[in-house]
Amino acid sequence: MAALGWLTPRRRSATARSVLAGEASAEAARKSSQAEEAQAAPPAAAEAEFPVHGDVHAAAFFDLDNTVMQGAALFHFGRGLYKRKFFETRDLVRFAWQQAWFRLAGVEDPEHMQEARDSALSIVQGHRVAELQSIGEEIYDEYMAERIWPGTRALAQAHLDAGQKVWLVTAAPVEIAQVIARRLGLTGALGTVAESVDGVYTGRLVGEPLHGPAKAEAVRALAAAEGLDLSRCAAYSDSHNDIPMLSLVGHPYAINPDAKLRRHARAMDWRLRDYRTGRKAAKVGIPAAAGVGAVAGGTAAAIALHRRRR
């Protein structure tokens with residue numbers, strides 16, 4: 001795999017595997033985007049103070065889980081695979097508990113995310129990439145489409161209307177991220193790259209999951225390849241784990257932020273947006289609305305599944 005250059009110095013927190021994961025994700029994203037551009041006309045542009053209309057050296061990078069979409073894409077993908085009998089009920093119980101925790105806490109737990117990724121890799125091992133891409137389209141309609149935050153979607157559209165490219169940046173598998181990006185009309189996606197040989201998954205990753213510093217490396221690599229000026233770019237995330245990515249750009253946004261990111265954003269005078277409702281939003285000073293039922297429903301479903309297995 002050809003190495004990609006950098007526009008800005010790399011943070012010391014980035015490991016060699018983070019760099020490899022970032023470069024692999026950037027290369028996969030560019031290939032997918034180029035294929036899409038060959039088939040689609042460019043979106044209409046509109047004048048706006050920010051994003052700046054016609055600035056070809058600017059782009060926007062959006063985290064996926066709890067920023068663009070409520071919950072974690074990997075968990076929703078797991079539900080879809082269970083429905084298609086890729087794994088057993090006990091595995092679904094674990095997915096359900098992890099998703100319920102994620103929705104209640106509103107932050108990423110590294111152990112939960114690692115366990116979910118390991119499970120996903122073992123599940124897809126031996127399956128063809130094309131098969132998972134096709135299933136991903138179905139799963140988006142079944143579980144993800146209704147969970148897109150309208151407010152974040154509008155922010156992404158503002159960049160598109162200004163003639164800028166918009167990329168998802170997520171630890172979810174790149175094939176699933178590309179499906180979501182395409183269905184939302186975005187430019188493309190940077191995601192975790194699973195190794196495949198002759199179109200078949202091996203059960204291993206290229207580098208490491210696209211998380212934390214690896215996300216920043218992917219954005220840095222893509223910016224270098226696309227000729228972007230990161231000081232004119234924007235990035236959006238809900239998690240303090242994405243501070244390395246947010247710190248790369250000139251226009252960082254904290255979207256539905258966890259407590260650590262909210263404190264950091266306020267200290268750095270970053271822009272904040274919160275589209276959540278119910279108790280979680282009330283904790284961060286957002287007018288509350290009736291949204292607790294959805295969280296309770298997810299928890300109840302997990303409890304029901306757990307009891308069924310006992």
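No experiment lies behind these values; they were computed from the predicted model shown.

Rules behind the numbers
Residues numbered from 1 in each chain as written. Predicted model: local features only at pLDDT ≥ 70, side-chain atom pairs only at ≥ 80, totals over all residues. Heavy atoms only, no water. Salt bridge = Lys/Arg side-chain N within 4 Å of Asp/Glu carboxyl O. Buried < 20%, exposed > 50% of the residue type's maximum accessible area, 1.4 Å probe, protein only. Helix = DSSP H or I, 4+ residues; strand = E, 2+ residues; numbered from the N terminus. Pairing = 2+ DSSP bridges. Axes fitted to C-alpha atoms, helices over the stretch in contact; angles between N-to-C directions. Contact = heavy atoms within 4.5 Å. Phe/Tyr/Trp six-rings, centres within 6.5 Å; stacked < 30°, edge-to-face > 60°.

Draft legend 1. Inspection of the pattern of salt bridges at higher detail. This structure, assessed with the given rule, holds 15 salt bridges. A salt bridge links Glu146 to Arg147, with the shortest nitrogen-to-oxygen separation between them at 3.5 Å. On the accessibility criterion, Glu146 (66% relative accessible area) is exposed. For Arg147, a relative accessible area of 17% gives the class buried.

Draft legend 2. Examining the pairing of strand E6 (residues 234-237) more closely. Burial along E6 is two-sided: the face carrying Ala234 and Tyr236 and the face carrying Ala235 and Ser237 are both buried. Two elements, strand E1 (residues 59-63) and E6, share three bridges in a ladder whose sense is parallel. Counted as the bridge partner of Phe61 is Ala235 from E6. One ladder, built from four bridges, connects E6 with strand E7 (residues 251-255); its direction is parallel. Across the sheet, the residue bridging to Ser237 is Ala254, located in E7.

Draft legend 3. Highlighting the sheet that holds strand E2 (residues 165-173). With parallel pairing, six strands are arranged side by side in an open sheet as E3-E2-E1-E6-E7-E8. Edge positions in the open sheet fall to strand E3 (188-192) and strand E8 (271-273), since each of these has one partner strand only. The average angle at which neighbouring strand axes cross in this sheet is 20 degrees, direction not considered. In this structure, E2 lies alongside E3, joined through four bridges in parallel fashion. Residue pairing in the sheet places Pro173 in a bridge with Thr192 of E3. Most of the contacts of helix H6 (residues 150-161) go to E1, to which it runs at about 160 degrees, and overall it touches E1, E2, E6 and E7. Together, E6, E7 and E8 form the strand contacts of helix H10 (residues 259-268), whose direction differs from that of E8 by roughly 145 degrees.

Draft legend 4. Looking closely at the packing of aromatic side chains. Applying the stated criterion to the full structure yields three aromatic pairs. Judged by centre distance (6.4 Å) and plane angle (15 degrees), the rings of Phe50 and Tyr253 are stacked. One end of the pair, Phe50, is in the loop between helix H1 (16-37) and E1; the other, Tyr253, is in strand E7, and 203 residues separate them in sequence. For Phe50, a relative accessible area of 24% corresponds to the partly exposed category. Taking the relative accessible area as the measure of exposure, Tyr253 reaches 5% and is therefore buried. A centroid spacing of 4.5 Å and a plane angle of 20 degrees characterise the contact between Tyr236 and Tyr253, whose relative ring orientation is stacked. Placement of Tyr236 in strand E6 and of Tyr253 in strand E7 is noted, with a sequence separation of 17 residues between them.

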